[in-house]
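# Architecture and fold: a report
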Amino acid sequence: MKGKNITVMIADDHVLMREGLKQLLELGNNIEVIAQSGDGEETIKKAVECKPDVILLDINMPKLNGIEVLRRLKDMGQTSKIIMLTIHDAREYLFETMKIGANGYILKDSDSDSLVKAIKDVYAGKTYIQPSIASMLVDEINSKGEENKDLAKIKSLTRREYEVLTLLAEGINNKEIADKLYISEKTVKNHVSNIFKKIKVNDRIQAAIFAYKNNIKKI
């Protein structure tokens, strides 16, 4: 019941992960899992419909990645507390999700007690960051010098690469980017590969974070 239990939604593209988390969370913790979703678009739809107290949101999801989902939910004024549940312990993931408005950040290999504590803390209005990665916050004051480097990386992009990067940041796949820009999927793959090299990232999520951090918008 809503007055007694904390209502939770689990957004992850792996069914076994969702079911496992549901069983763990509902084991006498005054937590009730009221919704589950397997991709970014479904997550937004169900978050609006169900209005859970807390959303456990995976970063790597199809259709829209978790960072884009977080950004859209915050832009829509959704009041659910959002905990990023991820395999990524990289500093840029932590800072960018917190900047957008995440209420917590926890790794998927955490024990169940930590996850329950995270849910209860953010529900109570606190911010929860897994202790093993919280030390990265100390490094934030040393990050200012990166801004000029990022500017140089952005200037190295061609107009088309910049355009592709803005679409990458939305979490959409190569075929959808190709359709939007009226170019072949192979050409998109080439652009994505060039973008990764120029901005020095290894995957699409890191590219999206780079775009958010530098406020890269559609032309």
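Here the residue numbers are simple positions, counted from 1 along each chain's written sequence. Predicted model: local features are reported for residues with pLDDT of at least 70 only, side-chain atom pairs are reported and counted for 80 or more only, and whole-chain, interface and lining totals are derived from all residues. Water and hydrogen atoms were dropped before computing side-chain values, which therefore reflect all heavy atoms in the structure.

Right, let's get into the nonpolar core. Proteins that are soluble and globular tend to have nonpolar side chains buried together. With 49 residues, the main nonpolar core has Leu-57, Met-84, Tyr-105, Leu-165, Ile-177 and Ile-199 as its most contacted residues. Each domain's extent is set by a domain assignment, obtained either automatically or from a database. Composition of this core by domain shows at least three residues from each of domain 1 (4-134) and domain 2 (156-212). Ignoring sequence-local partners within four residues, the contact set of Leu-165 consists of Leu-157, Ile-195, Ile-199, Ala-207, Phe-210, Ala-211 and Ile-216. Here the nonpolar core consists of buried residues drawn from Ala, Val, Leu, Ile, Met, Phe, Trp, Tyr and Cys, with membership extended through side-chain atoms lying within 4.5 Å. Per-residue accessibility, obtained with a 1.4 Å probe over protein chains only, is compared with the maximum for each type, and a residue is labelled buried under 20%, exposed over 50%, and partly exposed between these values. Leu-25, Ile-83, Leu-115 and Ala-118 belong to the second largest nonpolar core, which has 18 residues in total. What makes two residues a contact is simply this: any of their non-hydrogen atoms within 4.5 Å.

Moving on, we come to helix H9 (residues 174-181). A helix here means a DSSP run of H or I that spans at least four residues, while a strand means a run of E at least two residues long, and both kinds are numbered starting from the N terminus. Buried within H9 are the following residues: Asn-174, Ile-177, Ala-178 and Leu-181. Projected down its long axis, H9 carries its buried residues within an arc of 100 degrees, all on one side. As for H9, its buried residues are in contact with helix H8 (159-168), helix H10 (185-199) and helix H11 (204-213). Pairing of N or O atoms within 3.5 Å defines a polar contact, subject to two protein rules: one partner must be a possible hydrogen donor and the other a possible acceptor, and residues neighboring in sequence count only if both atoms are side-chain atoms. The opening residue of H9, the one whose side-chain oxygen lies 3.2 Å from the backbone nitrogen of Lys-175, is Asn-173. What the arc measures is the spread of directions leading from the helix axis to the C-beta atoms.

The feature "modified residue: 4-aspartylphosphate" (unreviewed entry), as given by UniProt, occupies Asp-58 in the numbering adopted here. Its location among the elements puts Asp-58 in strand S3 (residues 54-58). Setting aside its immediate chain neighbours within four residues, Asp-58 contacts Ala-11, Asp-12, Asp-13, Gly-66, Leu-85, Thr-86 and Lys-108. UniProt positions are given in the numbering used here, feature names are shortened, and annotations may be inferred rather than shown by experiment.

Turning our attention to the pairing of strand S4 (residues 81-86). Most of S4 sits out of view: five of its six residues are buried. In this sheet, S4 lies alongside S3 in parallel orientation, the contact comprising five bridges. The residue bridging Val-54 from the neighbouring strand is Lys-81, located in S4. Handedness rule for crossovers: strands pointing away from the viewer, path from the first strand over the helix to the second running clockwise, crossover right-handed. The handedness of the S3 to S4 crossover, carried by helix H3 (residues 66-75), is right-handed. When DSSP finds two or more bridges between two strands, those strands count as paired. In this structure, S4 lies alongside strand S5 (residues 104-107), joined through four bridges in parallel fashion. Bridge pairing in S5 links Met-84 to Tyr-105.

Within helix H1 (residues 15-25), burial applies to Arg-18, Leu-21 and Leu-25. Down the axis of H1, the buried set is contained in an arc of 70 degrees. They therefore lie on one face. Facing away from the buried surface of H1 by more than 90 degrees, the exposed residues are Leu-16 and Gln-23. Of the surrounding secondary structure, the elements contacted by the buried residues of H1 are strand S1 (6-11), strand S2 (31-37), S3, S4 and helix H5 (112-123).

The next subject is the sheet that holds S1. Remark on secondary structure: sheet strands pair via backbone hydrogen bonds, oriented parallel or antiparallel. One open sheet accounts for six strands, arranged S2-S1-S3-S4-S5-S6; its pairing is parallel. At either end of the open sheet lies a strand with only one pairing partner, and these are S2 and strand S6 (128-129). What counts as an axis is a line fitted to C-alpha atoms, over the stretch in contact for a helix, and the angles between N-to-C directions run from 0 to 180 degrees. Running over the sheet, H1 touches S1, S2, S3 and S4 and is turned about 170 degrees from S2. Packing against the sheet, H3 makes contact with S3 and S4, and its axis sits at approximately 175 degrees to S4.

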